[in-house]
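The primary structure of each chain is shown beneath.
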Amino acid sequence: MDKLIIKGGISLKGEIRIAGAKNSALPILAATLLTQETIQICNLPHLFDITTMLELLGCMGVQPIIDEKLNVEVDSSTIKHFSAPYELVKTMRASILVLGPLLTRYGQAEVALPGGCAIGSRPVNLHISALQAMGADIVVEDGYIKASVKGKLNGAHIFMDLVTVTGTENVMMAACLAEGQTVIENAAREPEVVDLANCLVKMGADISGQGTDTIIINGVKDLHGCSYSVMPDRIETGTYLIAAAATRGHIKLKDTRPDILESLLSKLEQVGAEIKLGDNWIELNMHGKRPQAVSLRTAPYPAFPTDMQAQFTALNSVAAGTGSITETVFENRFMHVHEMNRMGALIKVEGNTVIVQGVDALKGAPVMATDLRASASLIIAGLVSENETSVDRIYHIDRGYECIEEKLQLLGAQIRRVPS
Ligand code: EPU
């Protein structure tokens, strides 16, 4: 197992390119199961989670091909098994995304029931009840969700009790080949849901309302092949912007999308950053100033994303003043706080809120990553520390950040990967 060694105290400066979005690439890979024809996916990020999804397709008998430009082509006509085994689901919960496509196209699916994880209990009851409303027979037995339908799924009017990103995606994919119309109310409005919908439309699906809280899908007989380029990763973008603001730096991020980052950009302006935008780039300049603490509350899009909460906590930990951060999406997403306090941060947890009193600088320490975004926040904490920090268990970071140490090195950071 590797760890990262970071020598802090350097302001990030320079330009890097942002990768394709993990959380839209994963459902798009699952969507390739909806057609016999070949789907070419471009701008796939090089991440461990993407490898896991390709492995999952492989164990169903589908062999993705990587071409000379590192695009992936998936022809799912060779599928032999309709199940996602526990060995893969336990390493990546997003494996649940094959449930809707398998059920609607092949009438059967078995997916290991994901357990709780480091950020909360994360049930999938809403995925199951929506598919049942569309006519699926589903039992949860021996740790597996076993689903089947005689003939086709039927369109249905579905109200999601909670906004769920992968729940909306699963139902939207299932509805593409169902009989008649499906309406998803209280649907997730996340840009990754829109990206998936746009890919499905390119495959011949009849979808409208993506990006609003009501998505309407009219089932079609078949979907066909296409080539689709995954949108840029807004969480990777946000992580580098927060790291630059925390280190009083000046960076430019290329191949990204400012239009889907408004909640973060307005908070970074409150922190004191000067921000310039183009169609596909963002430049942030702190002019060497210490950030001001700000308060925020996470919620589904377009509000501040839970996936950037930990990183912003690291920024507030060295900001001037006190900021409070409230987490409303997951019940247990503060594991990073205890590690940051070991580095000299002054953070108190009160229910689902953390109160962060900024200190001048953190002090490097050995720390341990507990999940993907917590790992990113500990790297930011290392970058604003006076001496050396080692971040252990960084397999979490490789799940969701492409070449993170190379990109940070390009921005001037002193960071290296060593075996533990
Ligand atoms: N929920 C239920 N029942 C369900 C589904 C969700 O109670 O059937 C609850 C969850 O426990 C949670 C809330 O609803 O409290 C929202 O969860 P959601 O279903 O939206 O999360 P997800 O689809 O499992 C995706 C991202 C996460 C991101 C969340 C929230 C993917 C592959 N994952 O997860 O990304 O945090 O949406 O935006 O898209 C990450 O990239 O690090 C990550 C965790």
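Computed from a predicted structure; not experimentally measured.

Participant: Please set out unusual backbone geometry residue by residue, giving values where relevant.
Facilitator: A negative phi angle is the norm for most residues apart from glycine, just as the trans form is the norm for most peptide bonds. Residues Y301 and P302 are joined by a peptide bond in cis, for which omega reads 15°. With respect to the helices, strands and loops of the structure, P302 is situated in the loop between β18 (296-297) and α10 (309-317). The phi dihedral of R248 falls on the positive side, at around 60°, and the residue is not glycine. R248 sits in the partly exposed class, given a relative accessible area of 31%.

Participant: Can you break down the UniProt feature "binding site: phosphoenolpyruvate" (unreviewed entry) in the protein chain residue by residue, with the values?
Facilitator: Mapped onto this structure's residue numbering, the UniProt feature "binding site: phosphoenolpyruvate" (unreviewed entry) falls at K22 and N23. Considering the arrangement of structural elements, one finds K22 in helix α1 (residues 22-31). For K22, the residues in contact, after removing those within four places along its chain, are P45, L47, D49, D233, L372, R373, R399 and G400. For N23, the location among the structural elements is in helix α1. Beyond its immediate stretch of four places on either side in the chain, N23 contacts E169, E192, D307 and R373.

Participant: Give a detailed account of the environment of P101, specifying residues and quantitative values.
Facilitator: Structurally, P101 is set in helix α4 (residues 99-106). For the pair P101 and L33, spaced 68 residues apart in the sequence, the C-alpha separation amounts to 6.0 Å. Excluding anything up to four places from it in sequence, P101 contacts A30, L33, L34, N170 and M173.

Participant: Could you give an account of the sheet that holds strand β12 (residues 206-208), naming the residues involved and the relevant values?
Facilitator: Pairing is mixed in the open sheet, where four strands are placed in the order β10-β11-β13-β12. A strand with exactly one partner marks an edge of an open sheet, and here the two such strands are β10 (157-159) and β12. Neighbouring strand axes in the sheet, compared pairwise and without regard to direction, differ in orientation by 15° on average. For β10 and strand β11 (residues 181-185), the ladder comprises three bridges, and the chain directions are parallel. Within the sheet, the bridge partner assigned to I158 lies in β11 and is I184.

Participant: Which residues make up the sheet that holds strand β8 (residues 137-141), and what values do they have?
Facilitator: Pairing in this open sheet of four strands is mixed, and the strands run β6-β7-β9-β8 from one edge to the other. The sheet is open, and its two edges are formed by β6 (83-84) and β8, each paired on a single side. Relative to strand β9 (residues 144-148), strand β7 (residues 108-112) runs antiparallel, the two sharing five bridges. Each residue of the ladder has a partner; that of A112, found in β9, is Y144.

Participant: Before we move on, could you go through the packing of α10 against helix α11 (residues 335-342) and cite the residues and values that matter?
Facilitator: Relative orientation of the contacting elements α10 and α11 amounts to 25°, with a least axis distance of 10 Å. Judged by the inter-axis angle, α10 sits roughly parallel to α11. In this structure, α10 crosses over α11, and the sense of that crossing is right-handed. When α10 is examined against α11, the residues Q309, A310, T313 and A314 are found in contact with a partner set consisting of H336, V337 and M340. Of the residues belonging to the contact of α10 with α11, the class tally is four nonpolar, three polar and no charged.

Participant: I'd like to hear about the UniProt feature "binding site: UDP-N-acetyl-alpha-D-glucosamine" (unreviewed entry) in the protein chain, residue by residue, with values.
Facilitator: UniProt annotation of "binding site: UDP-N-acetyl-alpha-D-glucosamine" (unreviewed entry) refers to R93, D307 and V329 when read in the numbering used here. Assignment of secondary structure puts R93 in the loop between α3 (86-89) and α4. Excluding residues within four positions of it along the chain, R93 makes contact with P114, G115, G116, C117, S121, R122 and V124.

Participant: An account of the nonpolar core is requested, with residue identities and associated values reported.
Facilitator: The nonpolar side chains of a soluble globular protein tend to be buried, and buried together. With 82 residues, the main nonpolar core has L29, M53, V98, M134, M172, L200 and I207 as its most contacted residues. V98 has contacts with A30, L33, M53, L56, M60, A84 and V111, leaving out every residue within four places of it along the chain. Counting residues in each nonpolar core, the second largest holds 64 residues, with Y240, I242, L264 and A369 among its members.

Participant: An account of the environment of I275 is requested, with residue identities and associated values reported.
Facilitator: Tracing the chain through its elements places I275 in strand β16 (residues 274-277). Among the residues examined, I275 registers a relative accessible area of 15% and is labelled buried. Distance from I275 to M286, taken between C-alpha atoms, is 8.8 Å for residues 11 residues apart in sequence. Residues within four places of I275 in sequence aside, it is in contact with L265, L268, E269, I282, E283 and L284.

About the criteria used
Residues numbered from 1 in each chain as written. Predicted model: local features only at pLDDT ≥ 70, side-chain atom pairs only at ≥ 80, totals over all residues. Heavy atoms only, no water. Helix = DSSP H or I, 4+ residues; strand = E, 2+ residues; numbered from the N terminus. Buried < 20%, exposed > 50% of the residue type's maximum accessible area, 1.4 Å probe, protein only. UniProt positions renumbered as here; feature names shortened; annotations may be inferred. Contact = heavy atoms within 4.5 Å. Pairing = 2+ DSSP bridges. Axes fitted to C-alpha atoms, helices over the stretch in contact; angles between N-to-C directions. Parallel < 35°, antiparallel > 145°, perpendicular 65-115°, else oblique. Left-handed = near helix turned anticlockwise from the far one by under 90°. Nonpolar A, V, L, I, M, F, W, Y, C, P; charged D, E, K, R; others polar. Core = buried A, V, L, I, M, F, W, Y, C linked by side-chain atoms within 4.5 Å.

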